[in-house]
Structures are given as structure tokens and as C-alpha cells.
Amino acid sequence: MGKAKKRSLHLGINDRVSNLSREDAVKTVASEIKKNPEEVYGLITLFGLTAEELLEAGASYEAVMRVKGLLK
């Protein structure tokens, strides 16, 4: 691991997900999936979200089908 990565992990810069609940992740993905689908790939795979959860949270069908390869 390089010096920069060690520093940023030590400072907690990449520590955003540790305080995120599954419900918060579903809401975040549902709201951001249409605008920035690349940004939410990490949350989808980290929490193992399903298409049903995202649709119930308000994501559009088209946006969910765009990332269906990542969903369970």
C-alpha cells in the first residue's frame, strides 16, 4: 500500500460507507441511479441490493434495468 493511500485511510477520507445503513444505501442509490449510474455501482455491490428494493424506493424501471447485471 502506498503512502497516499495509507494517509487517506488513516485520516478517514474513505470512511464514508462505514456509517451507512442498508436503508440509507437503498435511498441513495434510488435517487442517484438515473443521474450518475457509475457512482452507485459500489453501493449496489457492497450491499447486494435487489431490483425490487430499488423499485420500492422510487427508482425508475429504466434506470434499474440499466444496471440489472449488478443486481441480485
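What counts, and at which threshold
Residues numbered from 1 in each chain as written. Predicted model: local features only at pLDDT ≥ 70, side-chain atom pairs only at ≥ 80, totals over all residues. Heavy atoms only, no water. Helix = DSSP H or I, 4+ residues; strand = E, 2+ residues; numbered from the N terminus. Buried < 20%, exposed > 50% of the residue type's maximum accessible area, 1.4 Å probe, protein only. Contact = heavy atoms within 4.5 Å. Core = buried A, V, L, I, M, F, W, Y, C linked by side-chain atoms within 4.5 Å.

Asks: So what exactly am I meant to see when it comes to the overall build of the chain here?
Replies: Scanning the chain from N- to C-terminus turns up five helices and zero strands. The N-to-C order of helical and strand elements in the chain reads α-α-α-α-α. Out of the 72 residues in the chain, the part that is buried amounts to 28%. Taking all contacts inside the chain whose residues are at least 6 apart in sequence as the whole, residues at least 24 apart take part in 53%.

Asks: Sorry if this is basic, but what is going on with the nonpolar core here?
Replies: Burial of nonpolar side chains together is a common tendency in soluble globular proteins. Of all hydrophobic cores here, the largest spans 17 residues; its most connected members are Val29, Ile33, Ile44, Leu49, Leu54 and Leu71. Those elements that place two or more of their residues in this core are α2 (22–32), α3 (41–47), α4 (51–56) and α5 (61–66). Residue contributions to this core peak at four residues, all from α2.

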